[in-house]
Each structure stands twice: as structure tokens, then as C-alpha cells.
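Geometric and topological summary
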Amino acid sequence: MKLRVATVWLGGCAGCHMSFLDLDEFLIELAGKIDLVYSPVVDVKEFPENVDVCLIEGAVCNEDNLEILHKIRARTKMLVSFGDCAVTGNVPAIRNQLGLENSENVLQRAYIENAQNNPSVPKADGIVPQLLKNVVPVHEAVYVEYFLPGCPPPADRIKALMVQVLSGATPKLEGSQLKFG
Ligand code: SF4
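Now for a look at the structure at hand.

1. Observations regarding unusual backbone geometry
- A cis amide bond, omega -5°, links Cys-151 with the succeeding residue Pro-152.
- Along the chain, Pro-152 turns up in the loop between strand 7 (146-148) and helix 6 (155-167).
- At Ala-14, a position not held by glycine, the phi torsion is positive, near 80°.
- Within the fold, Ala-14 resides in the loop between strand 1 (3-9) and helix 1 (15-21).
- Residue classification places Ala-14 among the buried residues on the basis of a relative accessible area of 13%.
- You will see that Asn-90, though not glycine, has its phi angle at about 45°, which is positive.
- With respect to the secondary-structure elements, Asn-90 resides in the loop between helix 4 (84-88) and helix 5 (104-113).
- What makes Asn-90 partly exposed here is its relative accessible area of 27%.

Here it is as C-alpha cells:
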């Protein structure tokens, strides 16, 4: 039976997913061994049940990120923090320096100070999710089995993870959780 694999994009730049695509011909091998059941690169709207492995790109920045992350955790056997934003907070967590009370400044900067036309923060429901007071790495929101560092993780490191996962081998542990590379 094929492994049910998902990839998710939270607060990240898509660079980690671009690195996944850099697997090149290994993607063809993967295609024969996994079902990609949810990902930014497939058209599935709802995160499915019974997922074996989910790679999570990006930090946890807003209420939408948090909500889907809890759903993913409940429906997935193995979570992988995929890239430095997921592992440490990295670039999106820079806004934490603004202080707890000033996270809304990010919206001011994006939608008002940098706007060339119609400067205003969109207010309609479902357009701009509520920001969390602090950006946090994935493992501060839910339990994570494995960490795959790098900005982005190089394709060889992603391949090393997928080869081990596909083989069903017990991963090498470093501390309490696995680190590749
Ligand atoms: S870890 Fe680097 S490449 Fe990946 S989402 Fe963050 S900034 Fe982008």
C-alpha cells in the first residue's frame, strides 16, 4: 500500500516546497510509492484523515495556521518540521521583536505604508486571519516527530528523509527527536 503523504505551507515563503521540487527524478520514484493526498501542489481543499507523513513548511503566525495545524496533528501519524521557519520561527518570527502588543504593525506596514493604491487593512471575514501575538515554531503548537532544518532544506536532505520514511527504518535519533543533515 502506498504511503499517504501531505505537505503544508503555513507562514513560509514556499522556498521549502521549491526545494522539494528540486528532488527532480527522485520525484518520479516517489510518485510510484506515495499518494500525495494534500499539498499546495495538488487541488485538495480539506486536509484528509489517515495521513502517514506530513511535511510542514513555515512558522505558526495566525489563527488559521493554528487551526489547520491542530487538524493536521489529529489526522497524521508523523509530522515533520520542514525548514527553518517551521523549526525555529526564522524569518516570520522577526516580527516578535515588535513586542506582544504591536503585532498589528505588520498589517499597517503591509497594507497601508507600502500600499500604492487604496491603503487599508482588509476587514472582511476570511480575508486576513487574526495574527497571533507571537510567531512560534511548529513544535511549540503541536508535537512534532522530526525536524528537517535548512532555509530551505537542500533536496539531498529531503531525499534522505523520504528514503528512510519509505523504508520504514527506525530513524536515527538525536536527543529525543530526529534531525537530518
Ligand atoms: S525556511 Fe527559508 S525557504 Fe523555507 S519557508 Fe522559511 S524562509 Fe522560506
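2. What to know about the site of the ligand
- Close to the ligand lie Gly-12, Cys-13, Gly-15, Cys-16, Glu-57, Asp-84, Cys-85, Asn-90, Gly-150, Cys-151 and Pro-152.
- Those elements that provide at least two residues to the shell around the ligand are helix 1 and helix 4.
- Taken together, the residues that form the shell around the ligand break down as five nonpolar, four polar and two charged.

3. Topic: the state of the cysteines
- Overall, the coordinates contain zero disulfides when judged by the stated rule.
- Among the cysteines around Cys-54, which has no disulfide bond, Cys-16 carries the closest sulfur, lying 13 Å off.
- Classification of Cys-54 as buried rests on a relative accessible area of 0%.

4. Structural notes on the pattern of salt bridges
- Here the structure, examined in full by the defined rule, presents nine salt bridges.
- The shortest N-O distance in the salt bridge between Glu-46 and Lys-71 comes to 3.0 Å. With Glu-46 in the loop between strand 2 (34-38) and strand 3 (51-57) and Lys-71 in helix 3 (residues 63-75), the pair connects residues that are 25 residues apart, well separated along the chain.
- Glu-46 gets classed as partly exposed once you look at its relative accessible area, which sits at 43%.
- On the basis of relative accessibility, which here comes to 29%, the residue Lys-71 falls in the partly exposed class.
- Note that Glu-145 and Arg-73 form a salt bridge whose closest N and O atoms lie 3.0 Å from each other. Of this pair, Glu-145 sits in the loop between strand 6 (131-136) and strand 7 while Arg-73 sits in helix 3, and the two are 72 residues apart along the sequence.
- Within the structure, one salt-bridge network assembled from shared partners comprises Glu-46, Glu-49, Lys-71 and Arg-75.

Cut-offs applied
Residues numbered from 1 in each chain as written. Predicted model: local features only at pLDDT ≥ 70, side-chain atom pairs only at ≥ 80, totals over all residues. Heavy atoms only, no water. Helix = DSSP H or I, 4+ residues; strand = E, 2+ residues; numbered from the N terminus. Buried < 20%, exposed > 50% of the residue type's maximum accessible area, 1.4 Å probe, protein only. Near = heavy atom within 4 Å. Nonpolar A, V, L, I, M, F, W, Y, C, P; charged D, E, K, R; others polar. Disulfide = S-S within 2.5 Å. Salt bridge = Lys/Arg side-chain N within 4 Å of Asp/Glu carboxyl O.

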